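In case you want the letters, here they are:
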Amino acid sequence: EDQVTQSPEALRLQEGESSSLNCSYTVSGLRGLFWYRQDPGKGPEFLFTLYSAGEEKEKERLKATLTKKESFLHITAPKPEDSATYLCAVLGSSNTGKLIFGQGTTLQVKP
Amino acid sequence: ETGVTQTPRHLVMGMTNKKSLKCEQHLGHNAMYWYKQSAKKPLELMFVYSLEERVENNSVPSRFSPECPNSSHLFLHLHTLQPEDSALYLCASSQDLGFRQPQHFGDGTRLSIL
């Protein structure tokens with residue numbers, strides 16, 4: 001059964017304190033791993049797609065990496081506006097676009 | 001308007017009511033999705049439509065009835081719901097079902113069942 005586990009569940013950082021969020025997955029035939037950001041009262045906002053082990057993507061203070069078993073979302077020198085819930089999802093062998101989501105990591109960055 | 005729009009944003013209904021959720025996408029996409037987001041649980045896929053044809057029903061109870069009249073609109077008809085159906089219902093769309101097409105989400109309908 002396809003499964004996604006994110007850790008930690010919650011993370012508090014001081015502004016400028018870099019850290020990483022983890023997404024571990026088990027899936028038959030990974031076809032893509034997706035990172036989203038969700039603000040309170042909003043829908044998830046697409047950040048990155050990773051397709052193969054060793055791939056990396058960057059956007060401002062965020063960098064996503066992928067191995068055969070997990071993905072990391074590295075946050076460098078975060079700012080309070082980076083506070084949000086970060087969701088990881090995988091697309092397996094299903095040809096119906098079915099994404100399997102993790103429970104998310106809620107990040108709070110204090111000034 | 002741009003992106004994916006959902007209405008209403010909030011809905012309170014009794015267990016015997018019938019209501020509908022509406023989703024409209026302005027992205028020219030061919031695939032649309034319904035997800036359920038409950039507190040402390042991962043997003044859960046409910047239905048997938050591709051070119052107005054339902055291609056996935058993720059074991060959803062029959063009290064939820066989807067409808068996709070065209071590639072821009074998606075509805076979720078609700079009847080005889082249970083308290084555990086209270087959740088945030090999210091609509092998403094993607095260019096197609098190809099694996100290189102990310103899904104783009106609306107801001108959801110917050111549903112409360114009395």
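Residues numbered from 1 in each chain as written. Chains lettered and ligands numbered in written order. Predicted model: local features only at pLDDT ≥ 70, side-chain atom pairs only at ≥ 80, totals over all residues. Heavy atoms only, no water.

Asks: I would appreciate a short explanation of the side chain of Thr65(A) in the present structure.
Replies: For Thr65(A), the position within the fold is in strand β7 (residues 62-66). Beyond its immediate sequence surroundings of up to four residues, Thr65(A) is in contact with Leu50(A), Glu55(A), Glu56(A), Glu70(A), Ser71(A), Phe72(A) and His74(A). (Helix = DSSP H or I, 4+ residues; strand = E, 2+ residues; numbered from the N terminus. Contact = heavy atoms within 4.5 Å.)

Asks: What am I meant to see in the sheet that holds strand β1 (residues 3-7) of chain A here?
Replies: The pairing of strands in a sheet comes from backbone hydrogen bonds and takes either a parallel or an antiparallel form. Residue and element names in this part refer to chain A. As summarised here, the arrangement of the 5 strands in space is β1-β3-β8-β7-β6, forming an open sheet in which the pairing is antiparallel. At either margin of the open sheet sits one strand with a lone partner, and together these are β1 and β6 (56-59). Across the sheet, the mean angle separating the axes of adjacent strands is 15 degrees when strand polarity is ignored. Here β1 pairs with strand β3 (residues 19-26) via 5 bridges, running antiparallel. The residue of β3 that forms the bridge with Gln-6 is Cys-23. (Pairing = 2+ DSSP bridges. Axes fitted to C-alpha atoms, helices over the stretch in contact; angles between N-to-C directions.)

Asks: Sorry, what's going on with the state of the cysteines here?
Replies: Two cysteines form a disulfide when their sulfur atoms are joined by a covalent bond. By the definition in use, this model includes 2 disulfides over all chains. For Cys23(A), the disulfide goes to Cys88(A), at an S-S distance of 1.9 Å. Handedness of the Cys23(A)-Cys88(A) disulfide follows from its S-S torsion of about -65 degrees: it is left-handed. Taken as a pair, Cys23(A) in strand β3 and Cys88(A) in strand β9 (residues 84-91) lie far apart in primary sequence, 65 residues in all. Residue Cys23(A) is classed as buried on the basis of its relative accessible area, which comes to 0%. Cys23(B) shares a disulfide with Cys91(B); S-S distance 1.9 Å. Note on the Cys23(B) and Cys91(B) pair: the S-S dihedral is about -75 degrees, so by sign convention the disulfide is left-handed. Here Cys91(B) lies in strand β9 (residues 87-94) and Cys23(B) lies in strand β3 (residues 18-25), a separation of 68 residues in the sequence. (Disulfide = S-S within 2.5 Å. Buried < 20%, exposed > 50% of the residue type's maximum accessible area, 1.4 Å probe, protein only.)

Asks: What am I meant to see in the interface of chain B and chain A here?
Replies: It is common to give the size of an interface as the accessible area lost on bringing the parts into contact. Facing the 24 residues of chain B at the interface are 23 residues of chain A. Summing both sides of the interface, chain B and chain A together bury roughly 1,900 Å²; the carbon and sulfur share of this comes to 53%. The three residues of chain B that bury the most area against chain A are Leu43(B), Phe99(B) and Phe105(B), which together make up 26% of that side's buried surface. For the pair chain B and chain A, the interface holds 1 salt bridge. Close ionic contact of Asp107(B) with Lys42(A) constitutes a salt bridge, the shortest N to O distance being 3.9 Å. (Buried area = accessible area lost by both parts, 1.4 Å probe. Salt bridge = Lys/Arg side-chain N within 4 Å of Asp/Glu carboxyl O.)

Asks: Looking at this model, I keep getting lost on unusual backbone geometry. Mind explaining?
Replies: For the peptide bond that leads from Ser7(A) to Pro8(A), omega is -10 degrees, which places it in the cis range. Structurally, the position occupied by Pro8(A) is in the loop between β1 and β2 (10-14). For the bond running from Thr7(B) to Pro8(B), omega is -10 degrees, close enough to zero to count as cis. You can see Pro8(B) is positioned in the loop between β1 (4-7) and β2 (10-13).

Asks: What is the right way to look at the nonpolar core in this model?
Replies: Where a protein is soluble and globular, its nonpolar side chains tend to be buried together. One finds Leu33(A), Trp35(A), Leu73(A) and Tyr86(A) to be the most contacted residues of the largest nonpolar core, which totals 23 residues. Those elements giving two or more residues to this core turn out to be β2, β3, β4 (32-38), β5 (45-50), β7, β8 (70-75), β9 and β11 (105-110) of chain A. In terms of residues, this core owes the most to one element, β9(A), which gives 4 residues. Listed in part, the 22 residues of the second largest apolar core include Met46(B), Phe47(B), Leu76(B) and Ile113(B). (Core = buried A, V, L, I, M, F, W, Y, C linked by side-chain atoms within 4.5 Å.)

Asks: Whenever I open this one, the pairing of strand β7 (residues 64-70) of chain B confuses me. Can you help?
Replies: Looking down a regular strand, the side chains alternate between one sheet face and the other. Two elements, β7(B) and strand β8 (residues 73-79) of chain B, share 5 bridges in a ladder whose sense is antiparallel. Opposite Asn70(B), over in β8(B), you have His73(B) as the bridge partner.

Asks: Sorry, what's going on with the pattern of salt bridges here?
Replies: Side chains carrying opposite charge are able to pair once their charged atoms draw close together. Summed over the entire model, instances satisfying the criterion amount to 6 salt bridges over all chains. We note a salt bridge from Lys63(A) to Glu56(A), for which the minimum N-O separation is 3.4 Å. Salt-bridge contacts for Arg63(B) lead to Asp85(B); the nearest nitrogen and oxygen are separated by 2.7 Å. Pair noted here: Arg63(B) is in the loop between β6 (53-57) and β7 and Asp85(B) is in the loop between β8 and β9, with a separation of 22 residues, a long-range link. Side by side, Arg63(B) and Asp85(B) carry an identical accessibility label, which is buried.

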